[in-house]
Amino acid sequence: MSRTPTDLVELLRERAQHQGADRAYTFLVDGDHEEHTLTYGALDAQARAIAARLQARGHAGQRALLLYPPGLEYVAAYFGCLYAGVVAVPAYPPRPNKPSPRLESIVTDAQAALALTTDAILQKLQPRFPEMPRMASLDWLTTDGVGTDGADAWRAPKVDGDTLAFLQYTSGTTGTPRGVMVTHGNLLHNSALIAEGFEHTVDDRGVFWLPIYHDMGLIGGVLQPLWIGRPTTLMPPAAFLQSPFRWLSAISRLKANVSGGPDMAYELCARQVTDEQKATLDLSGWELAFTGAEPIRPETLERFSRAFAGCGFRREAFYPCYGLAEATLMVTGGRRLRAPRVHRVERPALLEGRARPARGDDAEAHALVSCGRSLHGQEVRVVDPETGRTCADGEVGEIWVHGPCVARGYWNRAEASEAAFGGRRQDGPDRRYLRTADLGFIHEDELFYTGRMKDLLVVGGRHHYPQDLERTAELAHPALRPGFGAAFLLDDGKLALIYELERRARPDMNEVTGAVREAVRKRHGLPLHAFSIIRMLSIPKTSSGKIQRYACKAAFLDGSLETVHTWSAG
């Protein structure tokens, strides 16, 4: 490119001008071999055609709901909004015959005026409009028949780095989703930050299954490759969830060297991919396997590394990182082809807010994975959330972020925006920080994440992280499904746990309960007051796959869990 673009419209226009015939995106329709492709030139033409229709309807500056199945139509519609000066609101279609309060609340909160979708989805939704009045009031545009006709009628909008690009609605692990206001400048800077951290080149080849309506899929899988100017391959999230082998097979077959996902993706692969399937894989070219979006468990890294060492996978490929929607996406990361750093700390000290290095022979030590260092102009601090004082190395506090990747705030929520984006350090310069509500500490200039502030369980003045209790429970009995449990305190301060059963598991429920109670008591010194085993695939989760502990607690209390077995101390 002749110069660094100031907005995403300029970025794609530059790519179309100089690399118009180059393949930008390939979508594996079935998760395997059936492909749809888009060149930079074709994407630019489709985006102009969609934008021209939006401009003709007078929608510039308004919010547009995007409701698409996974695929390249989603990508074209997103850029069509950018080209029209319309603020995109990525979402996903509601399930058939299922209520969609989240979608209705997003439409209301965003004050959306229109929706972009396909003919098939609109036909399915229209019969439900009487029960979805806010959805019915939108101006609907189907784009699967737009093609490139009318592209010449497009007029470039007035956009720059400060222009709002889209609203990223948070996944809602601790409450009602909020629309994070992400600008063109935020996205370009975060793309540069990821390029620096990942040490990207135009020769890299990526494979992504993460949903496009989620920031990790949209920014990491769609915008970041555009920034670099390299092709990437996308696949439906359902294809991965149905068969994790498809993801690894695509990496192997396409000789991709960049891919990744949350911790649970690696866990699923390690547990479900068979020896016969492994024999067909060559993962020796996979140089960067990023992991983030949820707590990174050292056990998962080890299990995956051992499971696929025979396929050529190297532990050094793992790239742990930390980020959140309010900072666009990525905040910290490590170095490419450097093995993840694991720091073992004394468990009792950690419960008191201090990460003190453990002795080598400490069998009770708690292992944490480094999320790397601050990148590309971002300032990352760990701060006492009560006083605003900067924490010393090894002292647990709230993670605060300052820099050009920090979003503008929450849409139409001035008070919440000031609380989250208006942090000021007591002992630092007079500048505003994003308060992430995440806990962690700094050790030797690297960030270690320990958990969410709102999830923290305080019992008898001691801090307990729910993911630690959940890990103890799932290790207590093989019938419990790893990564699909939730620990929370009841209103009287007593501990409760819920957990899904493994597929095809038919255990003695009293035996499972007894094993979990004993493990929690022995390892954490806590009595378990209530324990529920629930059906597989029934635990409340966010759109991005994170456990919603607040929703788990609410469902436990109102009796709406799909319970298989329940025990209570009375």
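Structure report, in brief.

1. Let's talk about the pattern of salt bridges
No. 1: The final tally for this structure, using the stated rule, is 43 salt bridges.
No. 2: Ionic pairing is found between Arg-389 and Asp-384, a salt bridge with its closest N-O pair at 3.6 Å.
No. 3: Using a relative accessible area of 18% as the deciding quantity, one classes Asp-384 as buried.
No. 4: Notably, a salt bridge pairs Glu-398 with Arg-435, separated by 2.9 Å at the nearest N-O pair. Pair noted here: Glu-398 is in strand E19 (residues 397–402) and Arg-435 is in strand E20 (residues 434–443), with a separation of 37 residues, a long-range link.
No. 5: Since its relative accessible area comes to 2%, Glu-398 is described here as buried.
No. 6: Here Arg-435 falls in the partly exposed class, since its relative accessible area comes to 26%.

2. A word on the packing of helix H16 (residues 466–476) against helix H17 (residues 509–524)
No. 1: Close contact between H16 and H17 brings their axes to 8 Å; oriented N to C, the two are set at 135 degrees. Taken as axis vectors, H16 and H17 run oblique relative to one another. Handedness of the crossing formed by H16 with H17: right-handed. From H16, Asp-468, Leu-469, Thr-472, Ala-473 and Ala-476 reach across to H17, where they touch Ala-515, Val-516, Ala-519, Val-520, Arg-523 and His-524.

3. Points about the sheet that holds E20
Hydrogen bonds along the backbone pair up the strands of a sheet, which may run parallel or antiparallel.
No. 1: On the basis of which strands lie adjacent, the open sheet formed by four strands has the order E18-E19-E20-E21 and antiparallel pairing. Single-partner strands in this sheet number two, and they are strand E18 (379–383) and strand E21 (446–452). Strand after strand, the sheet turns through a mean of 50 degrees between neighbouring axes, direction not considered.
No. 2: Of the pairings in the sheet, the one linking E19 to E20 comprises four bridges and is antiparallel in character. The partner of Trp-400 across the bridge, within E20, is Arg-435.

4. Some details on helix H7 (residues 184–198)
No. 1: Compared with the 21 Å implied by 1.5 Å per residue over 15 residues, the 21 Å span of H7 between its first and last C-alpha is a close match.
No. 2: Summarising burial for H7: 13 of the 15 residues are buried, a large majority.
No. 3: The positive-phi residue at the C-terminal boundary of H7 is Glu-199, with phi of around 55 degrees.

5. Quick notes on the nonpolar core
No. 1: Formed by 126 residues in total, the largest nonpolar core has its most connected members in Tyr-78, Phe-79, Leu-116, Trp-247, Leu-248, Trp-286 and Phe-308.
No. 2: The element best represented in this core is helix H3 (residues 72–84), accounting for eleven residues.
No. 3: Those residues within four positions of Leu-116 in sequence are excluded, and the remaining contacts are Ile-50, Leu-54, Ala-64, Leu-65, Leu-66, Leu-67, Tyr-68, Ala-77, Cys-81, Leu-141 and Thr-143.
No. 4: Counting residues in each nonpolar core, the second largest holds 24 residues, with Val-87, Ile-121, Met-135 and Leu-138 among its members.

6. So, the pairing of strand E26 (residues 528–534)
For a regular strand, side chains alternate in direction, first toward one face of the sheet and then toward the other.
No. 1: Along E26, seven of the seven residues are buried, which leaves the element largely enclosed by surrounding structure.
No. 2: By the bridge criterion, six bridges tie strand E25 (residues 495–501) to E26 in an arrangement that is parallel. If you follow Leu-497 over to E26, its bridge partner there is Phe-531.
No. 3: For the crossover from E25 across H17 to E26, the handedness is right-handed.

7. A word on empty space enclosed by the protein
No. 1: Scanning all chains against the criterion turns up two cavities of 30 Å³ or more.
No. 2: In terms of lining, the largest cavity is formed by Phe-318, Tyr-319, Pro-320, Gly-334, Arg-335, Arg-338, Ala-339, Pro-340, Arg-341, Ser-370, Gly-372 and Glu-446.
No. 3: Per element, the largest residue contribution to the lining of the largest cavity is three residues, and it comes from strand E13 (residues 318–323).
No. 4: The residue makeup of the lining of the largest cavity, split by class, is five nonpolar, three polar and four charged.
No. 5: Its volume calculated, the second largest cavity comes out at about 50 Å³.
No. 6: What lines the second largest cavity is simply Phe-27, Pro-70, Gly-71, Phe-208, Trp-209, Leu-210, Pro-211, Ile-212, Leu-234, Met-235 and Pro-237.
No. 7: Classifying every residue of the lining of the second largest cavity by side-chain character gives ten nonpolar, one polar and no charged.

The rules behind these values
Residues numbered from 1 in each chain as written. Predicted model: local features only at pLDDT ≥ 70, side-chain atom pairs only at ≥ 80, totals over all residues. Heavy atoms only, no water. Salt bridge = Lys/Arg side-chain N within 4 Å of Asp/Glu carboxyl O. Buried < 20%, exposed > 50% of the residue type's maximum accessible area, 1.4 Å probe, protein only. Helix = DSSP H or I, 4+ residues; strand = E, 2+ residues; numbered from the N terminus. Axes fitted to C-alpha atoms, helices over the stretch in contact; angles between N-to-C directions. Parallel < 35°, antiparallel > 145°, perpendicular 65-115°, else oblique. Left-handed = near helix turned anticlockwise from the far one by under 90°. Contact = heavy atoms within 4.5 Å. Pairing = 2+ DSSP bridges. Expected span 1.5 Å × (residues − 1). Core = buried A, V, L, I, M, F, W, Y, C linked by side-chain atoms within 4.5 Å. Right-handed = clockwise from strand over helix to strand, strands pointing away. 1 Å grid on protein atoms, 1.4 Å probe; cavity = no way out; pocket = protein on both sides within 12 Å on 5 of 7 lines; lining within 4 Å. Points joined across faces, edges and corners; volume = space filled by probe spheres on them. Nonpolar A, V, L, I, M, F, W, Y, C, P; charged D, E, K, R; others polar.

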